[in-house]
Each structure stands twice: as structure tokens, then as C-alpha cells.
Amino acid sequence: MLSSLSFRLSRGVLSTISPPIPHAKSWGTMYKPTATRPLLDMSQGVPGTPPSKVLLEALSHSSSSPGSSGYCHVLGESTLRSAFAEEMKTVYGPDMDVTQDDIAITAGCNMAFVATVMCLADPGDEIILPVPWYFNHQMSLNLLGIKTVPLYTRANEGFLPSTSDCEKLINSRTQAIALVTPNNPTGAIYTPDLISQFAELAQKHKIALVLDETYRDFVDTMPPHTLFAPFQTEVLKSSSLWRSNVIHLFSFSKSYCFPGHRLGLIAASPDLLKHVTTTLDCLQICAPRPPQLALASPGLLPMLRQSIQANAQSLKIRHNIFRTHLPPNWTIGSQGGYFAFVKHPFVGIPAITLCQRLAEELGVLALPMQFFCDDSVGPELESLGQSKTDWERWIRFSVANVSDDMVKQVCGRLHECERHFGLKAE
């Protein structure tokens, strides 16, 4: 494509995929909605409910305060860091060993990931990502010149990554393993035991384990893992092994239903946060102050835990509705958090082709497998006993940002595919 620019763009940006969400949204613009058949958007992981009223009131108050217009410490408001360290005990247990000094507040969880990997790896180094991967993680690594090493998962194992497969990929250039649980895009929920196995593997090879838990509040079993449990020794009476190599990431967007306010979090050793301070100072100076001050309001975080639990229960019901109403020849491979990962029944039709037609002709927006893996996928799948044609049929549906009734409508339109598209299901 011809450009009006007189200068050369970086190889990093030119070799990075275009953002998938706008790509999918562009398909939706071709659909002609009616009053009875609106566009149904299950493409993006966005909260389907507004923030709690008490949070909105706190945001209104903090935003109107002149004091919130200035900078704060690079690592975030100390009041929020302290309050959230306490809040984490409701998720990981009262004895959890994470303190204010372990926490940095960022402008969203993507910022947390970028600031972290800038501390971990140089251009040419490697970071292992399970595939299907969260596309923004791979895109960020590519922009930084860091090689993404794909750890392929198996559909028949619920897209859970294997530590034995992972260990075969580790070499002298490997700097980290990055996991997302509950997973984006597959919805797979990694068990505490599996997470511990990956932490032990990373410890064995002296690399970092980056654990993105954006969707941690939407699982049935708590705690999601035991990595933050205190480890007692005669030498160090109150220490945890986790600080030596585990880096926890979190997004406030999903749990608190305010993605536009851009807040994320890193929990890691203060020895790492000294260097995160450097990357964050260049990337953001500080995270937005009004939402930080709002969440740090005395007693607010414990109060909001009730709305988080209510939203998690509503999401669980919506997952069940989707599972119940999905056409029987559409196969759910994994489901959890915000997402369901589904294989369509039309052999030989890549998901990206079907998703475009679903959007343009039936008004259903969802994301195809092709947005969550490399174009060159093939031989590695064969070695795992998976065919490329089957792999290319998976689709991510986000059940969070639509109503229960809309989920039923989506499933109803999926029932129409065979007749409308003239395709034969297997």
C-alpha cells in the first residue's frame, strides 16, 4: 500500500499484526441491523455491566478534586497500593504474603505487561507464550524485538499448557514464561497445581514466570493458586519464594467494570520494581490518579467485593446459557472467565472466513483462531497430533459484554449458519 510518509517506519511496527478488535469491528459495519435483529457483539472482553454506584460516586468526587490533577509516585498512590494488598487477602487467603512494597499501579494491564518485559528481555531474547495466545502480548513482544516462542496447547486437553512441552522450549535465550489464567482467548482455567508446576519450572531454569490474572475474580474455586502463601524457614521467618521469580499482573478493568479508566497492577519483588520504576517513568509517568484515589477511599474495596461476586455469578449463569443454547454440532473446547472457545462444524472453512460472514451477514461478531496464533502454524500442530484444518476452526466468544437474552439470540443465529451459508456441518 502506498504511503504519504517520507520517512521509513520501524521494522517492529511493520511486522506486527494490526489490532484484531478494530479488524473485527470493521466486519460489523457491513451488517445492516434492524430493530428485531441488531448487531450482537461478542468480540471483545468488555464488562457488560456499569461500575457500582458507590464507585461512580467515588470517581466523581476524586475527579473533581484539584489535587487529583497532578502527578503521583511512579508506582502509584500509596493508599491504593496498601488497600489493594489487603484486598488481595480476600482472593488468596488471609496469610497471603504480598505487601504494599510489592505493588505497582499501571495504566492498564497491557502497560503492566510491557513495563515488565522491558525489564526482563533484550531484543533477540525469547519469552514463551502458550498458543492460542493473547494477541496484545505477542504484539508487544514483537514491537520490542523479543522473540515469541509458541507453546502449543491441545484442544483435547482443554487448551491447558504442558510443563513438559514447555521445558523443551527453554534455552539460554529464554527469559520468561508468560501465562494468562483464566485464559484469554480460550477461557481455560489453570489449576493451582498446574500454576505451581510452571512456577517450579521457571525457578529450576532461573527465568521469570509472568502470571496475568486479569480474570481471576471469575473462577469458582478460591484461591486461584497458592504461590503467595508464606514460606517459613529458620533464616527468613516471613518470606515467600514467589518473589524470586513470579511476577503477577492484574487488571482493574474487568473486576471493577471501568476499562476506560485504565488501571492495572504488577505484584513483584521490590528488587524488580526498582527497575519497573524506570520503564513506567518513560511509558506513563504515573497511572491515572482519579480512579486510584477513588478505589483507595476508606472501606470501598471491601464494599465492592460484593458487586464483583454478583457479577461473577451472573457471568457463570451466562456461560451456562451459552452452553445450553449452542447448536449441538458446535463444540466447546474450553470455557471460563469472560470467554468460550468453540469449534465450528464446517470442515475446510477457516474460522476467519466464517467470522467475517457471521458479522457481515448474520450480525454476530466473534474472533477467529487466526487472531491468536502465528500464520506459520502447521508442523508443530502435526507433531502434537492436531490437524491445521481443525485448529483453524476455533472461535472465541466473549459472553461478558452481552445480556442473557443476547446470548440466546447469538446461538439462534448460529443455528441459521448451515441454511444461510449453504454449508454442510460435519
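To be clear, the structure that these remarks concern was listed above.
Residues numbered from 1 in each chain as written. Predicted model: local features only at pLDDT ≥ 70, side-chain atom pairs only at ≥ 80, totals over all residues. Heavy atoms only, no water.

## Concerning the pairing of strand E5 (residues 174-180)
Taken residue by residue, a regular strand's side chains alternate between the two faces of the sheet. By the criterion of burial, E5 is predominantly enclosed, with 6 of the 7 residues buried. The pairing of strand E3 (residues 126-131) with E5 spans 3 bridges and is classified as parallel. Counted as the bridge partner of Ile 128 is Ile 177 from E5. By the bridge criterion, 5 bridges tie E5 to strand E6 (residues 208-212) in an arrangement that is parallel. When the bridges of E6 are listed, Ala 178 appears paired with Val 210. (Buried < 20%, exposed > 50% of the residue type's maximum accessible area, 1.4 Å probe, protein only. Helix = DSSP H or I, 4+ residues; strand = E, 2+ residues; numbered from the N terminus. Pairing = 2+ DSSP bridges.)

## Description of the nonpolar core
Grouped together as the largest cluster of nonpolar side chains are 50 residues, with contacts concentrated most on Leu 55, Ile 177, Phe 198, Phe 252, Tyr 256 and Leu 295. Ile 177 has contacts with Ile 128, Cys 166, Phe 198, Leu 201, Ile 207, Ala 208, Leu 209 and Val 210, leaving out every residue within four places of it along the chain. If you look at the next biggest cluster of nonpolar residues, it comprises 46 residues, including Ala 24, Leu 367, Cys 417 and Ala 425. (Core = buried A, V, L, I, M, F, W, Y, C linked by side-chain atoms within 4.5 Å. Contact = heavy atoms within 4.5 Å.)

## Looking at unusual backbone geometry
Of note, the amide linkage connecting Asn 184 to Pro 185 takes the cis form, showing an omega dihedral of 25°. Here the residue pair Met 222 and Pro 223 is connected by a cis peptide bond, since its omega of 0° sits within 30 degrees of zero. Among the secondary structure elements, Pro 223 is positioned in the loop between E6 and strand E7 (246-251). One non-glycine residue, Arg 262, adopts positive backbone phi at about 50°. The exposure class assigned to Arg 262 is partly exposed, which follows from its relative accessible area of 32%.

## Considering the packing of helix H14 (residues 351-362) against helix H17 (residues 404-421)
For the pair H14 and H17, the least separation of the axes is 11 Å and the interaxial angle reads 100°. With respect to H17, the element H14 is oriented roughly perpendicular. Contacts between H14 and H17 involve Leu 354, Arg 357, Leu 358, Glu 361 and Leu 362 from the first element and Arg 413, Leu 414, Glu 416, Cys 417, His 420 and Phe 421 from the second. (Axes fitted to C-alpha atoms, helices over the stretch in contact; angles between N-to-C directions. Parallel < 35°, antiparallel > 145°, perpendicular 65-115°, else oblique.)

## Some words on the pattern of salt bridges
Enumeration according to the criterion identifies 19 salt bridges in this entry. A salt bridge links Glu 416 to Arg 37; its shortest N-O distance comes to 3.1 Å. Taken as a pair, Glu 416 in helix H17 and Arg 37 in the loop between helix H2 (20-28) and strand E1 (40-41) lie far apart in primary sequence, 379 residues in all. We classify Glu 416 as buried; its relative accessible area is 19%. Using a relative accessible area of 28% as the deciding quantity, one classes Arg 37 as partly exposed. Its salt-bridge partner being Arg 393, residue Asp 390 comes within 2.9 Å of it at the nearest N-O pair. Since its relative accessible area comes to 1%, Arg 393 is described here as buried. Salt bridges sharing partners connect three or more residues here, namely Glu 87, Arg 216, Asp 217 and Arg 305. (Salt bridge = Lys/Arg side-chain N within 4 Å of Asp/Glu carboxyl O.)

## So, the packing of aromatic side chains
Taken as a whole and judged by the stated rule, the model has 20 aromatic pairs. Aromatic pair Phe 159 and Phe 341: ring centres 5.2 Å apart, planes at 90°, arrangement edge-to-face. Placement of the pair is Phe 159 in the loop between strand E4 (147-152) and helix H8 (163-167) and Phe 341 in strand E10 (residues 339-343), with a sequence separation of 182 residues. Here the aromatic rings of Tyr 215 and Phe 339 are separated by 5.4 Å at their centres, their planes lie at 75°, and the arrangement is edge-to-face. Of this pair, Tyr 215 sits in the loop between E6 and E7 while Phe 339 sits in strand E10, placing them 124 residues apart in sequence. The buried category is assigned to Phe 339, whose relative accessible area is 0%. An aromatic cluster is present here, built from Tyr 152, Phe 159, Phe 341, Trp 391 and Trp 394 joined pairwise through their rings. Looking at Arg 216, its charged tip hangs above the ring of Phe 250, at a distance of 4.0 Å from the centre. (Phe/Tyr/Trp six-rings, centres within 6.5 Å; stacked < 30°, edge-to-face > 60°. Lys NZ or Arg CZ within 6 Å of the ring centre and 35° of its normal.)

## Focus on the sheet that holds E10
Read from one edge of the open sheet, 4 strands run E9-E10-E13-E12, paired in antiparallel fashion. With partners counted over all chains shown, the strands left at the sheet margins are strand E9 (331-336) and strand E12 (367-368), one partner each. Sheet topology note: the E12/strand E13 (residues 394-398) ladder contains 2 bridges and is antiparallel. When the sheet's bridge partners are listed, Pro 368 is paired in E13 with Ile 395. With respect to the sheet, helix H13 (residues 300-325) is in contact with E9, E10 and E13, its orientation differing from that of E9 by roughly 180°.

## Let's talk about the pairing of strand E8 (residues 264-267)
Here E8 shows two buried faces, one formed by Gly 264 and Ile 266 and the other by Leu 265 and Ala 267. The sheet contact formed by strand E2 (residues 103-106) and E8 spans 4 bridges and is antiparallel. Paired with Ala 104 across the two strands is Ile 266, which belongs to E8. The pairing of E7 with E8 spans 4 bridges and is antiparallel. By the bridge assignment for E8, His 248 is matched with Ala 267.

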